[in-house]
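# A closer look at the structure
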Amino acid sequence: MASTKKDVAELEAMTGKLKRQFDSHIFCLDQKASNKQEILQEWHEYLRKRVELEADYNKRLESTSDRFLERLTRIRSATSTRGVAPTPSSTTSDLLYGMLAEAKALATRRSQYSDQLSGDVLSRIEVLIKDTTLISKKVKDIGAGMHDEMMKSHRELTDAARAYHSAYSTISESQSKLAKMQARSSKAKKGAISEKDKKKEMKLISTVMANKRDLIKCRNQYLLLLKGANVHTQRYFSKGLFELFEYADYDFQWSVSKIFGVQAESEIGISNMLNVKRLSPASN
């Protein structure tokens, strides 16, 4: 039982230690959330820049292909008008025409890839960033609620310890006064005790009995609050803390793997398209 100032001070120190531990847990959760946000933002920024580069490259490739196709078409038309017989050079023009047409088609397919990155992958990352922020805030709110409940129980326990200490000091003082008075009474000759002293003694006995009742009441209140505080603390450190960190990572890795899967499929698709050789001669 917390019957001395030292005991009460130890309880206060324990409450302060619990608060510092909880603050460190919230700091760790904030760091985890901040790291996730930073990585997701970097991923999003990289893909956004890549989409811009892809769009610019595709636009330039299509424009360049169109320009050279027009020039080659004019050359082929002029050759046809003059009635020149097919030569190896005309075969080369067919190959060049096919290559330019394929380059233009490639620009279109790459544009589809760019659109997929922009419309699917980037949007998924944006949703994940938003969800991560909301989950982090929710976890902090839940943690704050658990912390408030736990700290409230420990503050009430400390107050009960102070009340018990005060009641203990009071009854010790009244018992000391009663013991001194009874000692004087036992030394006095029979019949030498005045009515006034008898009344004082009876009053002190009543005070001691009342103080004992107060002490028992404070003791019972302290024990009940001690049990409650221990339950809250044990629940937090054995289950609540683990759940906070588990909820903070809720479906995060799964979501990231799904987005990487979509991006990988897009990468494989464009890679396959780039490896297809379509250089067959094209007709006029």
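Attention in this report is confined to the structure presented alongside it. Since we're looking at a predicted model, the values are computed, not measured. (Residues numbered from 1 in each chain as written. Predicted model: local features only at pLDDT ≥ 70, side-chain atom pairs only at ≥ 80, totals over all residues. Heavy atoms only, no water.)

### Concerning the environment of I135
Within the secondary structure, I135 is located in helix α2 (residues 88–187). Each C-alpha atom, one on I135 and one on Y247, is 7.7 Å from the other, the two residues being 112 residues apart in sequence. The residues touching I135, leaving out its near neighbours within four places in the chain, are Y247, A248 and Y250. (Helix = DSSP H or I, 4+ residues; strand = E, 2+ residues; numbered from the N terminus. Contact = heavy atoms within 4.5 Å.)

### Here's the deal with unusual backbone geometry
Peptide bonds are trans in most cases, and residues, glycine excluded, mostly fall at negative phi. Here the phi dihedral of D251 falls at roughly 60°; this positive angle occurs in a residue that is not glycine. Tracing the backbone through its elements, the reader meets D251 in the loop between α3 (195–248) and α4 (252–275). On the basis of relative accessible area, D251 is assigned to the partly exposed category, the value being 40%. (Buried < 20%, exposed > 50% of the residue type's maximum accessible area, 1.4 Å probe, protein only.)

### So, the side chain of N58
Position of N58 relative to the elements: it lies in helix α1 (residues 5–81). Here N58 falls in the buried class, since its relative accessible area comes to 2%. From its side chain, N58 meets the backbone oxygen of R110 in a polar contact 3.4 Å long. Discounting chain neighbours no more than four positions away, the residues touching N58 are A107, R110, S111 and S114. (Polar contact = N/O pair within 3.5 Å; in protein donor to acceptor, adjacent residues only side chain to side chain.)

### A few points about the nonpolar core
In globular proteins that are soluble, nonpolar side chains generally tend to be buried together. Grouped together as the largest cluster of nonpolar side chains are 16 residues, with contacts concentrated most on L40, W43, L47, V121, I125, L128 and I259. Looking at this core, the elements with two or more residues in it are α1, α2 and α4. The contacts of L40, once residues within four sequence positions are left out, are I125, L128, I129, T132 and F252. With nine residues, the next largest nonpolar core counts F22, I26, Y236 and L244 among its residues. (Core = buried A, V, L, I, M, F, W, Y, C linked by side-chain atoms within 4.5 Å.)

### Here we look at the environment of V139
Note on placement: V139 falls in helix α2. Along the sequence, V139 and A248 sit 109 residues apart, while their C-alpha atoms lie 6.3 Å from each other. Filtering out sequence-adjacent residues up to four positions away, V139 remains in contact with L29, L244, Y247 and A248.

### Some words on the pattern of salt bridges
The final tally for this structure, using the stated rule, is 17 salt bridges. A salt bridge links E173 to K177, with the shortest nitrogen-to-oxygen separation between them at 3.7 Å. On the criterion of helical spacing, the pair formed by E173 and K177 is a turn pair, its members being four residues apart in helix α2. Look at E173 and you get partly exposed, because its relative accessible area is 47%. Among the ionic contacts, a cluster of salt bridges with common partners joins E12, D159 and R162. (Salt bridge = Lys/Arg side-chain N within 4 Å of Asp/Glu carboxyl O.)

### A few points about α3
The end-to-end C-alpha separation of α3 is 75 Å, in line with the 80 Å expected for 54 residues at 1.5 Å each. Remark: the principal bend of α3, roughly 45°, maps to Y236. (Expected span 1.5 Å × (residues − 1). Bend = angle between axes of the 7 residues up to and from the residue.)

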